[in-house]
Amino acid sequence: MADDNVWATIDDLWTWLEANQAHPGREALLLRMLKLTEEVGEVAQAVIGATGQNPRKGTTHTWDDVQAELCDVALTALVALRTLTPDAREVFTTHLERVRERSLGPAS
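Just so it is clear, the structure is predicted and the values come from calculations on it, not from any experiment.

1. Some remarks on a nonpolar patch on the surface
A surface patch of nonpolar side chains, amounting to about 290 Å² of accessible area, comprises Leu-13, Trp-16 and Leu-75. Take Leu-75: it is sitting in helix α3 (residues 63-84). Given the relative accessible area of 38%, Leu-75 is considered partly exposed.

Printed below as a string of structure tokens:
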């Protein structure tokens, strides 16, 4: 999926969530941010399940499940960012560039 399609989908998901929110205003904003914690917990659950770390349950997930949960975290974070600003794409791109430069040095 091209970059433009990713951000169009993020906007579509944000629009859908805004139209179907159960709580108004600041509460909706805070709940959308908390959704990230839920999704990260699902990553942890999938990792525990993929490694069989719960002896009572055994192996309950695959690494494909972990990948899917990580994608859910990324999508939820981008929708949360879109909730904070209509300029989510620019904010994310600028931040990504700062992290890239800090970690890898200036672009060649």
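2. Section: the packing of aromatic side chains
Tallied over the full model, the rule gives one aromatic pair. Summarising the aromatic geometry, the rings of Trp-7 and Phe-92 are spaced 6.0 Å apart at their centres and angled 50 degrees between planes, so their arrangement reads as tilted. Note that Trp-7 is positioned in helix α1 (residues 3-19) and Phe-92 in helix α4 (residues 88-104), a separation of 85 residues in sequence. Sitting above the plane of the Trp-14 ring, Arg-82 keeps its charged end 3.7 Å from the centroid.

3. Quick notes on the packing of helix α2 (residues 25-51) against α3
Two numbers describe how α2 lies on α3: the axes approach to 9 Å, and their chain directions differ by 170 degrees. The angle between the axes of α2 and α3 places the two elements in the roughly antiparallel class. Residues belonging to the contact of α2 with α3 are distributed by class as follows: 16 nonpolar, three polar and seven charged.

4. Brief notes about the nonpolar core
Residues Trp-7, Ile-10, Leu-78, Val-79 and Ala-88 constitute the largest nonpolar core, which totals five residues. Only α1 and α3 provide two or more residues apiece to this core. Setting aside residues no more than four positions away along its own chain, Val-79 makes contact with Ile-10, Leu-13, Trp-14, Leu-17 and Arg-32.

5. A short note on the side chain of Arg-82
For Arg-82, the position within the fold is in helix α3. With a relative accessible area of 12%, Arg-82 lands in the buried category. Dropping the residues within four chain positions of it, Arg-82 is found in contact with Ile-10, Asp-11, Trp-14 and Ala-88.

6. Some words on α4
For α4, which comprises 17 residues, the first-to-last C-alpha distance of 23 Å matches the rise-based estimate of 24 Å (1.5 Å per residue) to within 8%. Looking one or two residues beyond α4, the residue adopting positive phi is Gly-105, at roughly 90 degrees.

7. Things to note about the side chain of Thr-76
Residue position: Thr-76 is located in helix α3. Within polar-contact distance, the side chain of Thr-76 engages the backbone oxygen of Asp-72 at 2.7 Å.

8. Section: the environment of Val-43
Along the chain, Val-43 falls in helix α2. The sequence separation of Val-43 and Thr-93 amounts to 50 residues, and the corresponding C-alpha distance is 25 Å. Other than its neighbours up to four places away in sequence, Val-43 contacts Glu-69, Leu-70 and Val-73.

9. With respect to the pattern of salt bridges
Counted according to the given criterion, the structure contains seven salt bridges. Its salt-bridge partner being Arg-89, residue Asp-4 comes within 2.7 Å of it at the nearest N-O pair. Linking Asp-4 in helix α1 with Arg-89 in helix α4, this pair joins segments that are 85 residues apart in sequence. Residue classification places Asp-4 among the partly exposed residues on the basis of a relative accessible area of 49%. Note that Glu-97 is salt-bridged to Arg-100, the shortest N-O span being 2.9 Å. Of this pair, Glu-97 and Arg-100 both sit in helix α4, three residues apart, roughly one helical turn. Overall, the relative accessible area of 33% leaves Glu-97 in the partly exposed class. For Arg-100, a relative accessible area of 23% translates into the label partly exposed. Residues joined in a network through salt bridges with shared partners are Asp-3, Asp-4 and Arg-89.

What counts as what
In this convention, every chain numbers its residues from 1, walking through the sequence in written order. In view of the model being predicted, local features appear only for residues whose pLDDT reaches at least 70, and side-chain atom pairs are presented and counted only at 80 or more, with totals across whole chains, interfaces and linings using the full set of residues. Think of the side-chain values as coming from all heavy atoms in the structure, minus any hydrogens and water. Patch building starts from residues that exceed 30% relative accessible area and form no salt bridge, then joins like charges within 9 Å and nonpolar side chains (Val, Leu, Ile, Met, Phe, Trp, Tyr) within 5 Å. To be clear on the numbers: accessible area is Shrake-Rupley with a 1.4 Å probe, and residue cover counts the displayed protein chains and nothing else. We count a salt bridge whenever a side-chain nitrogen from Lys or Arg sits within 4 Å of a carboxyl oxygen from Asp or Glu. Strands are runs of DSSP state E lasting at least two residues, helices are runs of H or I lasting at least four, and both sets are numbered from the N terminus onward. Each residue's exposure class comes from its accessible area (1.4 Å probe, protein chains only) as a fraction of the maximum for that residue type: buried when under 20%, exposed when over 50%, partly exposed otherwise. Classification of ring pairs uses Phe, Tyr and Trp, with its six-membered ring standing for Trp, and accepts pairs whose centres are within 6.5 Å; under 30 degrees between planes counts as stacked, over 60 as edge-to-face, and the remaining range as tilted. A ring is considered to have a charge above it if a Lys NZ or an Arg CZ atom is located within 6 Å of its centre and within 35 degrees of its normal. Structural elements are reduced to axes, namely lines fitted to C-alpha atoms, with helices fitted over the stretch in contact, and the angle between N-to-C directions of any two is expressed from 0 to 180 degrees. Put simply, angles under 35 degrees are roughly parallel, angles over 145 are roughly antiparallel, angles from 65 to 115 are roughly perpendicular, and the rest are oblique. Basically, the charged four are Asp, Glu, Lys and Arg, the nonpolar ten are Ala, Val, Leu, Ile, Met, Phe, Trp, Tyr, Cys and Pro, and anything else, Gly included, counts as polar. Take the buried Ala, Val, Leu, Ile, Met, Phe, Trp, Tyr and Cys residues and link them wherever side-chain atoms come within 4.5 Å; each set so joined is a nonpolar core. Any pair of residues with heavy atoms lying within 4.5 Å of one another is described as a contacting pair. What a helix is expected to span follows from its residue count: subtract one and scale by 1.5 Å. For this analysis, a polar contact is any N or O atom pair within 3.5 Å, provided that within protein one partner can donate a hydrogen and the other can accept it, and provided that sequence-adjacent residues contribute only side-chain to side-chain pairs.

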